[in-house]
Amino acid sequence: QVQLVESGGGLVQPGGSLRLSCAASGIFFPIYALGWYRQAPGKERELVAHITSDYNTNSAESVKGRFTISRDNTEKTVYLHMNSLKPEDTAVYYCNANRNGVLTSWGQGTQVTVSS
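Here is a short report on the structure shown in this document.

The rules behind these values
- Residues numbered from 1 in each chain as written.
- Predicted model: local features only at pLDDT ≥ 70, side-chain atom pairs only at ≥ 80, totals over all residues.
- Heavy atoms only, no water.
- Disulfide = S-S within 2.5 Å.
- Helix = DSSP H or I, 4+ residues; strand = E, 2+ residues; numbered from the N terminus.
- Buried < 20%, exposed > 50% of the residue type's maximum accessible area, 1.4 Å probe, protein only.
- Phe/Tyr/Trp six-rings, centres within 6.5 Å; stacked < 30°, edge-to-face > 60°.
- Pairing = 2+ DSSP bridges.
- Axes fitted to C-alpha atoms, helices over the stretch in contact; angles between N-to-C directions.

Quick look at the state of the cysteines
Summed over the entire model, instances satisfying the criterion amount to 1 disulfide. Here Cys22 connects covalently by a disulfide to Cys95, the sulfurs 1.7 Å from one another. The disulfide joining Cys22 to Cys95 has a torsion of about 45 degrees about its S-S bond and is therefore right-handed. A residue pair is termed long-range when its members are at least 10 positions apart, and Cys22 in strand β3 (residues 18-25) and Cys95 in strand β9 (residues 91-99) qualify at 73 residues. Residues Cys22 and Cys95 agree in their burial class; the two are buried.

Set out below in structure tokens:
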């Protein structure tokens, strides 16, 4: 049973910061790559940041310099540190784990709303 539980979302003002967490169970966590995705109403789900099993990272151009992905293999958790938030960052944020490009199950997501 693969389970991914996202948390840490909420309402934040533009320019604010937030840290999202995703706790994983049911997988041998260290060998998996991990990604944070988001989906806004009426839009497709998009990958925003990715971290490999050997800690290499990539992020979408829209969030570069503002978001940082990290992982803690002991805690079996992946984080997304979000700074300088913009209204266009408003979305439900999801995490997923993959091995050789094959995704596991989605979590329930956590809502991030950036508004004054």
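Text resumes after the structure shown.
Comments concerning the packing of aromatic side chains
What the rule picks out here adds up to 2 aromatic pairs. Between Tyr37 and Trp106, the aromatic rings sit 4.9 Å apart at their centres with planes inclined by 85 degrees, giving edge-to-face as the arrangement. Of this pair, Tyr37 sits in strand β4 (residues 33-39) while Trp106 sits in the loop between β10 (102-103) and β11 (110-114), and the two are 69 residues apart along the sequence. A relative accessible area of 12% means that Tyr37 is categorised as buried. Classification of Trp106 as partly exposed rests on a relative accessible area of 36%. Each ring, one from Tyr94 and one from Trp106, has its centre 6.1 Å from the other, and the planes form 75 degrees; the classification is edge-to-face.

Considering the sheet that holds strand β7 (residues 67-72)
On the basis of which strands lie adjacent, the open sheet formed by 4 strands has the order β1-β3-β8-β7 and antiparallel pairing. Because the sheet does not close on itself, it has two edges, and the strands there are β1 (3-7) and β7. Geometrically, the sheet is characterised by an average inter-axis angle of 15 degrees between neighbouring strands, direction not taken into account. The sheet contact formed by β1 and β3 spans 5 bridges and is antiparallel. Bridge assignment links Gln3 to a residue of β3, and that residue is Ser25.

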